[in-house]
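Close look at the chain arrangement
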Amino acid sequence: MMGGAFHNWGATTEKVHSCAYCSHFTLAGFPLVSGWPMWEQASGLAPAMAGSSVLDESHLKILKAQYEAQNASGAASQIQALVDCVNTLKIQVGILGERGSGVSTLVGALLDKPRRVTDPWAYLREAPETTKQPVVHAHPIYPDLTLHDLPGFEASEKPSAYLKRLGDLSKFSCFVVVVGSGDLRDSHLQVLKAIKQKGKGLILARTKVDLDLHTAERRLRSRYNPSEQLGLIRKELAGVLTKHGMDPKKVFLVSGLETDRYEFARFEDSLEGEVLNLKRTHDGSLEDLNKVSQKKIKELYAICQDGTLSEVPTVISSVLTDPTQIRLDVAVIGVGLTEEDVSHLDLSRYDFFLLVASERYKHTHSCLARAITSAGKQFFFVRSKIDVDVETRPGSQPVAKEEVQSQVRKSCEEALKKDGVDSPQVFLVSCLKPDAFDLPLLLGALSSYAPDLKTKALRKALPTALSRVVRRKAKVLMKDVWGKALQSCLFCVEHPQPDVVDSLTTTIASFCIEFGLDEASLEYTAQATGTARRLLQAVIQSPFAKPLDPAYVLSLITKPTSLTSWAWSYVPYLGRGVKVEPEISFESTYQMLRRAVVELSENAEAVLQLAYTEK
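Residues numbered from 1 in each chain as written. Predicted model: local features only at pLDDT ≥ 70, side-chain atom pairs only at ≥ 80, totals over all residues. Heavy atoms only, no water.

The protein appears in an unreviewed UniProt entry as Interferon-inducible GTPase 5-like from Podarcis muralis. Taken verbatim from the UniProt record of the protein, the Sequence similarities (unreviewed entry) comment is "Belongs to the TRAFAC class dynamin-like GTPase superfamily. IRG family." (UniProt positions renumbered as here; feature names shortened; annotations may be inferred.)

What follows is the structure, encoded as structure tokens:
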């Protein structure tokens, strides 16, 4: 990767270029052997840097040492200026909480290293010791972002003593305060207030919500509603924060062990927006994609890693063509519920319902039928124990079985129509005599309905699936942005500004291809999904997805000419004739590439969402 940045160095001439990461600098050339400076080949630096995915501070320091070895002190000082500029961009985030609240687990999740407990004996061992000394981690995607896993505080510890124990907090731009299971206690509130008084950014992460929901499910059983439980947790936290004059909007319910669920994606986006000024609009509620087979999910993730998003329609089409790969959630409901239970049910979790009643149609069934219809769902009404109804009871007049079934069916249909069901489908079954009544018809009806239901289930899950795929692709590309920005600035040392702009334009064009926003990709997506290409093109708003004007790119990566340089150009004799050019800034170049990835990812999601909107 560095080979392009240092190709064709001047043999002996020292050149001056306006690539001032922080100030002007000059760089002396060195003789080349096979495209690499001879001293780099001798040191073994070239192969190491060529294979590195991130050009970091250590590489720059090695470059500086090589220049010093060649007695090029001026060039070495200029490399040091770049190192200093890189360091000024470093952002520190402190993550803290009460001991045992899951701070280290959350940090691991942010580093894309979530902990997985696969050993069942792990639950019988002692828990690992909590963090006692600050642990510093470089973010895997944003090298300018440093996460500090800070020691936790004891419930009985005074907040002032705890903050004093942490030392100087002025270096942190933002804090993430982690709250485990339970309520916000006074110790949490005191720490939050102390951080707020220091004028620092603040985000509250409520961890271990997976455990809260697991407990609630065991306790509430049929009345369990995960959305309702999460809402109660949020309402309680927001009430306490508002009472103490703090913003309840930056509260996120997360699990460090299940980063694909709950609000972890929104939490990540909020943190990046707080400290990196990245504004995202991706869907944050990324629940498990249980509608799509794991095989297809792996195919989509493989595309994110090694392919382009133009390949996504092929995978989606294969699933739509073969609905057997789609999971269908059918709820069997109606027995043992009360009217109060119905109000707590989360019907959105299911694709279809079997509403079961034994002996007679009750008020609870009426409530369920209305609730299911209001949710836009479909159901079959299953009247069980029909064998008991048709049996002739001692001392009563015998009645034909067909007449009894007809009466029961008609009674159920009339009750359902009163509850707003236009064309109710009623099945009379007996579990003891499965072949004697409507059970075979019920199974046949489910089989005939299944393909259409599965297709609807997939289309419902597609917005989440597409959002997650685009988000993952954006992360893959964002990993290289820091290195590409540094390479571009180093490239400008031996090349004029137009060449640097061309290099950056090529990089952004490659982003467009990766996100499936180039002309060929849009044409393929339009044909694969039956969506007019002009409609797909209309939702692409980012200027980076269109042919870029070199002057526009140059304006984004340069900073205005300093007053000193401008004045020097007018000094008689000494400054006359000096062409003052704007300086290319590493910070501006990095921000531009970062912004390009964010905007293009949002446009890519908009294109895919539109392509799969039901016509």
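**Re the sheet that holds strand β10 (residues 251-253)**
Strand order in the open sheet made by the six strands is β6-β7-β5-β8-β9-β10, with mixed pairing throughout. For this open sheet the edge positions go to β6 (135-138) and β10, each flanked by a neighbour on one side alone. Adjacent strand axes in the sheet meet at a mean angle of 25°, parallel and antiparallel pairs treated alike. Contacting β5 (91-97), β6, β7 (145-149), β8 (172-179) and β9 (201-206), helix α6 (residues 103-110) runs over the sheet at an angle of about 145° to β5. (Pairing = 2+ DSSP bridges. Helix = DSSP H or I, 4+ residues; strand = E, 2+ residues; numbered from the N terminus. Axes fitted to C-alpha atoms, helices over the stretch in contact; angles between N-to-C directions. Contact = heavy atoms within 4.5 Å.)

**Some words on the packing of helix α23 (residues 550-557) against helix α25 (residues 586-611)**
Across the interface, α23 lies against α25 with an axial gap of 7 Å and an inter-helix angle of 120°. Overall, the two elements α23 and α25 adopt an arrangement that is oblique. On α25, the residues touching Tyr552, Val553, Leu556 and Ile557 of α23 are Ser588, Thr589, Met592 and Arg595. For the contact of α23 with α25, a count of residues per class yields five nonpolar, two polar and one charged. (Parallel < 35°, antiparallel > 145°, perpendicular 65-115°, else oblique. Nonpolar A, V, L, I, M, F, W, Y, C, P; charged D, E, K, R; others polar.)

**Overview of the sheet that holds strand β13 (residues 379-384)**
Working definition: the strands of a sheet are paired by backbone hydrogen bonds and lie parallel or antiparallel to each other. Taken in spatial order, the four strands of this open sheet run β11-β12-β13-β14, and their pairing is parallel. Looking along the sheet, the strands with just one partner apiece sit at the ends: β11 (330-333) and β14 (426-428). Sheet twist, expressed as the average angle between the axes of neighbouring strands with direction ignored, equals 20°. The pairing of strand β12 (residues 352-358) with β13 spans six bridges and is parallel. Bridge pairing in β13 places Ser358 opposite Ser384. Taken strand by strand, helix α15 (residues 363-374) contacts β11, β12 and β13, and its axis lies near 170° from that of β12.

**Here we look at the nonpolar core**
With 81 residues, the main nonpolar core has Val93, Ile95, Val176, Phe267, Phe515 and Phe586 as its most contacted residues. Per-element tally for this core: the top contributor is α25, with twelve residues. Counting residues domain by domain, this core receives three or more from each of domain 1 (87-282) and domain 3 (459-566 + 581-612). Ranked by size, the runner-up nonpolar core spans 30 residues in total, among them Leu163, Val179, Leu241 and Leu253. (Core = buried A, V, L, I, M, F, W, Y, C linked by side-chain atoms within 4.5 Å. Buried < 20%, exposed > 50% of the residue type's maximum accessible area, 1.4 Å probe, protein only. Domains from an automatic or database assignment.)

**Here we look at the environment of Val470**
Looking at the element boundaries, Val470 is found in helix α18 (residues 439-478). Put simply, Val470 and Glu602 are 132 residues apart on the chain and 8.1 Å apart in space, counted from C-alpha to C-alpha.

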